[in-house]
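Residue-level structural notes
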Amino acid sequence: AQSVTQLDSQVPVFEEAPVELRCNYSSSVSVYLFWYVQYPNQGLQLLLKYLSGSTLVKGINGFEAEFNKSQTSFHLRKPSVHISDTAEYFCAVTPDNYGQNFVFGPGTRLSVLP
Amino acid sequence: IAGITQAPTSQILAAGRRMTLRCTQDMRHNAMYWYRQDLGLGLRLIHYSNTAGTTGKGEVPDGYSVSRANTDDFPLTLASAVPSQTSVYFCASSDLPSMGGYTFGSGTRLTVV
């Protein structure tokens, strides 16, 4: 079985500062990794995903994430955040691409302060 | 605009009552899912359906039932609501294999009193 840990439940950061949201996973098999964003009163939207190939993946809205197999991590980064990035961010893993096997982390609330 | 429609947006329900949350998609996705979202727990899968006519249990299926009579609709029923079912419920859909490409609805906020 897989599990996902997001160590930071809340991350406050000032506008235009860089941010890193941490995600660690545990799995006995290879996994695919994802980051989703949830804006207030909305459903989740896919930010980016790692399926194979380059370990640095770029997503929408200037976000990127790096897959580190040895550290079982998939941290999300953005060099300069905007007020509009305030949202909840979820890391998710799956050993395959069948939806019933996705495991979501508990989420990290990013608050961008003016 | 293609996507998922969930209804109602919010509901206050007396314990013991029956409730059906509606979900309709117009993308002809094979698979559909129901999640509940609770603070600090992330999203947990309740039930899923990989194709019309089939359903499966997720991580937290107890107290819930689903049906998939056609491709577009995937209603979630609480037969006899209890306060622990107070949550935000999200319906989602995807192709199979999903490649992470879920489309989520905007959610139903359910309060059981």
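The preceding data block contains the structure.
Calculation rules
Residues numbered from 1 in each chain as written. Chains lettered and ligands numbered in written order. Predicted model: local features only at pLDDT ≥ 70, side-chain atom pairs only at ≥ 80, totals over all residues. Heavy atoms only, no water. Phe/Tyr/Trp six-rings, centres within 6.5 Å; stacked < 30°, edge-to-face > 60°. Helix = DSSP H or I, 4+ residues; strand = E, 2+ residues; numbered from the N terminus. Buried < 20%, exposed > 50% of the residue type's maximum accessible area, 1.4 Å probe, protein only. Pairing = 2+ DSSP bridges. Axes fitted to C-alpha atoms, helices over the stretch in contact; angles between N-to-C directions. Contact = heavy atoms within 4.5 Å. Buried area = accessible area lost by both parts, 1.4 Å probe. Salt bridge = Lys/Arg side-chain N within 4 Å of Asp/Glu carboxyl O.

Enumeration over the complete set of coordinates arrives at 18 aromatic pairs over all chains. Residues Tyr36 of chain A and Tyr102 of chain B carry aromatic rings whose centres are separated by 6.2 Å and whose planes lie at 50 degrees to one another, so their mutual orientation is tilted. Highlighted residues: Tyr36 of chain A in strand β5 (residues 32-38) and Tyr102 of chain B in the loop between β9 (87-94) and β10 (103-104), drawn from two different chains. Both residues of the pair, Tyr36 of chain A and Tyr102 of chain B, belong to the buried class. Consider the rings of Tyr33 of chain B and Tyr102 of chain B, whose centres lie 4.9 Å apart with planes at 80 degrees: the pair is edge-to-face.

Residues and elements named next belong to chain B. Taken in spatial order, the four strands of this open sheet run β1-β3-β8-β7, and their pairing is antiparallel. Strand pairing shows two members of the sheet lacking a second neighbour, β1 (4-7) and β7 (64-66), which therefore form its edges. Averaged over neighbouring strand pairs, the angle between their axes works out to 15 degrees when direction is ignored. Across three bridges, β7 lies against strand β8 (residues 76-78) in antiparallel orientation.

With that settled, the discussion passes to the interface of chain A and chain B. By a widespread convention, an interface's size corresponds to the accessible area lost as its parts come together. With 19 residues of chain A at the interface, the matching set in chain B holds 22 residues. At the boundary of chain A with chain B, total buried surface from both sides reaches about 1600 Å², with 58% on carbon and sulfur atoms. The largest contributions to the chain A side of the interface with chain B come from Asn97, Gln100 and Phe104 of chain A, which together make up 33% of the buried area. Where chain A packs against chain B, one counts zero salt bridges.

This brings us to unusual backbone geometry. With an omega dihedral of -5 degrees, the bond running from Ala7 of chain B to Pro8 of chain B counts as a cis peptide bond. Relative to the helices and strands, Pro8 of chain B is located in the loop between β1 and β2 (10-13). Within the chain, Asn41 of chain A stands out as a residue other than glycine whose phi angle is a positive 60 degrees. The residue Asn61 of chain A is not glycine, and still its phi comes out positive at about 60 degrees. With respect to the helices and strands, Asn61 of chain A occurs in the loop between β7 (56-58) and β8 (64-68). The exposure class assigned to Asn61 of chain A is partly exposed, which follows from its relative accessible area of 41%.

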